[in-house]
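Results of the structural survey
The residues making up each chain are set out below.
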Amino acid sequence: MNRITSFEQYQQEYKRSVETPEAFWAEQAEQFTWHKKWDNVLEWNFDEPSIKWFIGGQLNITENCLDRHLEKRGNQTALIWEPNNPEDEVRKFTYKELHSEVCRFANVLKKNGAKKGDRICIYMPMIPELTIAVLACARIGAIHSVVFGGFSFKSLSDRIHDADCNVVITSDGAYRGAKEIPLKNVIDEALLTCPSVKKVIVYKHINTEVKMESGRDVWWQDEIKNSSADCPAEIMDAEDMLFILYTSGSTGKPKGVVHTIAGYMTFVDYTFRNVFQYNDGDIFWCTADVGWITGHSYLVYGPLLAGGTTLMFEGIPTYPDAGRFWQVIDKHQVAIFYTAPTAIRSLEALGLDFVKPYKLDSLKVLGTVGEPINEFAWNWYNENIGKKKCPIVDTWWQTETGGIMISPLAGITKTKPGFATLPLPGVQPILLDEQGKELQGNNVEGRLCFKFPWPGIIRTTYQNHKRCKETYFETFKGYYFTGDACKRDEEGYYHISGRVDDVIKVSGHLLGTSEIENAIDQHPDIVESAVVGFPHEIKGWGIYAFVICEHERKDADALKKEIIETVTKNMGAIAKPDKIQVVQGLPKTRSGKIMRRILRKIAEGDLSNLGDTSTLLDPSIVEEIKKGAH
Ligand code: WTA
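Please read these numbers as outputs of a predicted model, since none were measured by experiment.

1. A word on the overall build of the protein chain
For the protein chain, the count of helices and strands is 18 helices and 30 strands. At 24 Å, the protein chain has a C-alpha radius of gyration in line with the 25 Å of a compact globule built from 630 residues. Its C-alpha atoms put the protein chain at 75 × 65 × 55 Å along the principal axes. Classification of the 630 residues of the protein chain by burial places 61% in the buried group. The long-range fraction of contacts in the protein chain, counting pairs at least 24 apart against all pairs at least 6 apart in sequence, stands at 70%. As displayed, the protein chain offers around 23900 Å² of accessible surface, 48% of which is attributable to carbon and sulfur atoms. Within the protein chain, one finds 73 positive and 84 negative side-chain charges whose respective centroids are separated by 1 Å.

Right, dumping it as structure tokens:
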């Protein structure tokens, strides 16, 4: 398998990728199966923005994930599934088997009216059928929109609505540790406001009773019975949409990030092979849910494009006990383990007794993703899990970048605790100051931007190109702006400091403060709320909500409980506030804008230095909020 094998080669490849990006990426794309080769590698401008890769090319990504491997790897395991309960049976699929399951389900989709260009919402637990559903959509040229199973009905219906989906794929429910989550009920509630949905395909997983609406709802298991395993792949254009994935923004509703087929495929495959230094036969385990971009790129597409073996785990790190991850690593002889800093921090806090029983000697490479990893957690991971012999790749990227942008290449380039280190070939970072001036040289800190497109870059936000332009391409003209602050140290290594906008990374999940506020405001007694993040030992960031009540409530604890329930119901348990403070008013400017800077300081417990409050409509509000802070 073709990949970078030395630091010198990394440097050469990087140089080549900047000097002749088109030739560089064309070379990576050559290895794939194409129905028709591209006419032109790249056309772009960041003003509109309009970015197109491999223009004129025709292909189907599932032929590259599955069919292409059948001859050489037909009997190799493509997917291993470890269930929530360690007593339950493991399921394995060879490439041949996965290919045939995907084709069979693709035929089920067609039979139920799905066709090329349709948007299909997938709301499923972490079971093989989720991967099969994703690939089956791509097989027939439908656009998948996977919604994380932890989101509840309102978030779900917003996403189904925005993408105008006509088919939903779900299951009766999910296991999550000792709990059962009734997914189908959430779908039923969401669909009350989604008339576009004509079919719901339900996989029976936990055998709980569900309501099936006649004419709309069908069982996966019934439909698949007589479905043929012959389903020729739909021939797609390189720039046709592959999927929509919703991500939170500073304002308003989440936006549907759109990725297109050929560029995403090329970028994910290249980054997967090089960052993790994947070798034939390695068992690769990415713990992310397929509902997030990490699951799309490095649980489903990346490993399968590379002809690898991907492990999918249904459960949680602490069930039946906090040794579960390490037990699974030993059980399946995992070679590469890719997880979130939040999981590392929470397991570290529970002590080494849960790690000690396991050998962990199959591990070769460790990875982290989604948020900054502090030095302490990095060292703990390195010493106790990697036994100081596994390079740790701290991979920086975003839903919008499609794949890994800044990261060490395992064992090839240097690692540095807390640093994502160096850009991958084809990736051209630049740091700008607040005025948009380039910060040259090393030892500088600024806004992280990119000056040249890579194949996996976002193409648009679904049905709202203006929002894509405003969010990513207008802050600094001519550049893609990430929303992150970043430091380049004296050696030229990149360290990501965090977000500079109103989104918070809670346990590695990106949440918009305005989205959480909307959920809180659904409570009948709440008039207005403001949400900010505060540093949290395990979760990275916690959620602090300041709320204004319509009338005084004497039972403050009951009110807080109700607010938490409201958020869980409307958005999902991942968005539950950690702290709630009832206030009389919020610090607003004369134009009515909430001064979040002040609330952030208060939430962080830094009451001494709140900066200039003279422009506030009513500065006395701040004193009152300070008194009630916790
Ligand atoms: C943050 C996740 C520090 C960052 C793949 C980014 C990170 C946002 C890292 C995107 C990292 C991601 N170190 N911060 N290694 N990786 N981030 O869209 O703020 O869920 O902008 O994509 O996560 O989050 P998203």
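2. A few points about the site of the ligand
Taken together, 16 residues form the shell around the ligand, and within it Asp394, Thr395, Thr399, Arg499 and Lys505 come nearest. At a separation of 2.9 Å, an oxygen atom of the ligand approaches a polar side-chain atom of Asp484. Breaking the shell around the ligand down by element, the ones donating at least two residues are α10 (293–305), β20 (392–395) and β25 (494–499). Looking at side-chain class alone, the shell around the ligand contains 6 nonpolar, 5 polar and 5 charged residues.

3. Remarks on helix α9 (residues 261–276)
Since there are 3.6 residues in each turn of an α-helix, residues three or four apart along the chain are aligned in direction. In this model, α9 (16 residues) spans 22 Å end to end at C-alpha, consistent with the 22 Å of a helix rising 1.5 Å per residue. The element α9 is extensively covered by neighbouring structure, given that 16 of its 16 residues are classed as buried. Trailing α9 by a residue or two, Gln277 shows a phi angle of about 50°, which is positive.

4. Quick look at the domain arrangement of the protein chain
If you check the domain split of the protein chain, you get domain 1 (7–450) and domain 2 (503–628). Using only C-alpha atoms to locate each centre, domain 1 and domain 2 end up separated by 32 Å. Taken together, the contact pairs 23 residues of domain 1 with 21 residues of domain 2. Taking both partners together, domain 1 and domain 2 bury about 1700 Å²; carbon and sulfur atoms supply 49% of that area. Across the domain 1-domain 2 interface, the total number found is 2 salt bridges. Inspection of the domain 1/domain 2 interface yields 14 residue pairs in polar contact (both at pLDDT 80 or more). At the level of elements, α6 (153–163) and α12 (341–349) are the ones that each hand at least two residues to the side of domain 1 that touches domain 2.

5. Focus on the environment of Phe450
Tracing the chain through its elements places Phe450 in strand β22 (residues 444–450). Separated by 412 residues in the primary sequence, Phe450 and Trp38 place their C-alpha atoms 25 Å from one another. Excluding residues that lie within four positions of it along the chain, Phe450 makes contacts with Phe46, Trp396, Met405, Ile406, Val427, Gln428, Pro429, Ile430, Tyr479, Tyr480 and Thr482.

6. A look at the side chain of Glu371
Along the chain, Glu371 falls in the loop between β19 (365–369) and α13 (375–385). A distance of 2.9 Å separates a polar atom in the side chain of Glu371 from the backbone nitrogen of Thr342. Among the polar contacts listed, one links the side chain of Glu371 to the side chain of Arg345, at a separation of 2.9 Å. In this structure, Glu371 is in contact with Ala340, Pro341, Thr342, Arg345, Ser507, Gly508, Lys539 and Gly540, ignoring residues within four places of it in sequence.

7. Observations concerning the sheet that holds strand β16 (residues 283–286)
Taken in spatial order, the 7 strands line up as β5-β4-β17-β16-β18-β19-β20 in an open sheet, and their pairing is mixed. The open sheet terminates on both sides in strands that have one partner only, identified here as β5 (91–94) and β20. Strand-to-strand twist across the sheet, computed as the mean angle between neighbouring axes with direction ignored, equals 20°. Here 3 bridges tie β16 to strand β18 (residues 336–339), and the two strands are oriented parallel to one another. Opposite Cys286, over in β18, you have Tyr338 as the bridge partner. Strand contacts of helix α4 (residues 95–111): β4 (77–82) and β5, with the helix running at about 90° to β5, the strand carrying the most contacts. Together, β4, β16, β17 (309–313) and β18 form the strand contacts of helix α11 (residues 324–332), whose direction differs from that of β4 by roughly 145°.

Definitions and cut-offs
- Residue positions are given per chain, counted from 1 along the sequence in the order it is written.
- With pLDDT at 70 or above as the cut-off, local features in this predicted model cover only qualifying residues; side-chain atom pairs require 80 or more to be listed or tallied, and sums for whole chains, interfaces and linings still use all residues.
- Hydrogen atoms and water are omitted, and side-chain values are computed over all heavy atoms in the structure.
- We count a stretch as a helix when DSSP gives it H or I for four or more residues in a row; a strand needs E for two or more, and each element gets its number in order from the N terminus.
- In this treatment the radius of gyration is a C-alpha quantity, and the globule benchmark scales as 2.2 Å times the residue count to the 0.38 power.
- Exposure is judged per residue with a 1.4 Å probe applied to protein chains only, and the accessible area is read against the type maximum: over 50% gives exposed, under 20% gives buried, and values in between give partly exposed.
- Note on contacts: a residue pair is in contact if any heavy atoms of the two residues lie within 4.5 Å.
- Surface accessibility in these figures is a Shrake-Rupley result with a 1.4 Å probe; residues are shielded only by whichever protein chains are displayed.
- Counted as positive: Lys and Arg. Counted as negative: Asp and Glu, with His and the chain ends omitted from the count.
- A charged residue contributes its charge at one atom only: NZ of Lys, CZ of Arg, CG of Asp or CD of Glu.
- Any residue with a heavy atom positioned within 4 Å of a molecule or strand is treated as near that molecule or strand.
- Identification of polar contacts relies on pairs of N or O atoms within 3.5 Å, with a donor-acceptor requirement for protein atoms, meaning one able to donate a hydrogen and the other able to accept it, and with residues adjacent in sequence counted only if both atoms are side-chain atoms.
- Each residue gets one label: Ala, Val, Leu, Ile, Met, Phe, Trp, Tyr, Cys and Pro are nonpolar, Asp, Glu, Lys and Arg are charged, and the others, such as Gly, are polar.
- What a helix is expected to span follows from its residue count: subtract one and scale by 1.5 Å.
- For every domain, the bounds stem from an assignment made automatically or drawn from a database.
- Using a 1.4 Å probe, buried area is obtained as the accessible area two parts lose upon being combined, added over both of them.
- The salt bridge definition used is simple: a Lys or Arg side-chain nitrogen within 4 Å of an Asp or Glu carboxyl oxygen.
- Here, a strand pair is defined by DSSP locating no fewer than two bridges between the strands.
- Note on method: axes are straight lines fitted to C-alpha atoms, helices fitted across the in-contact stretch only, with angles between N-to-C directions ranging 0 to 180 degrees.

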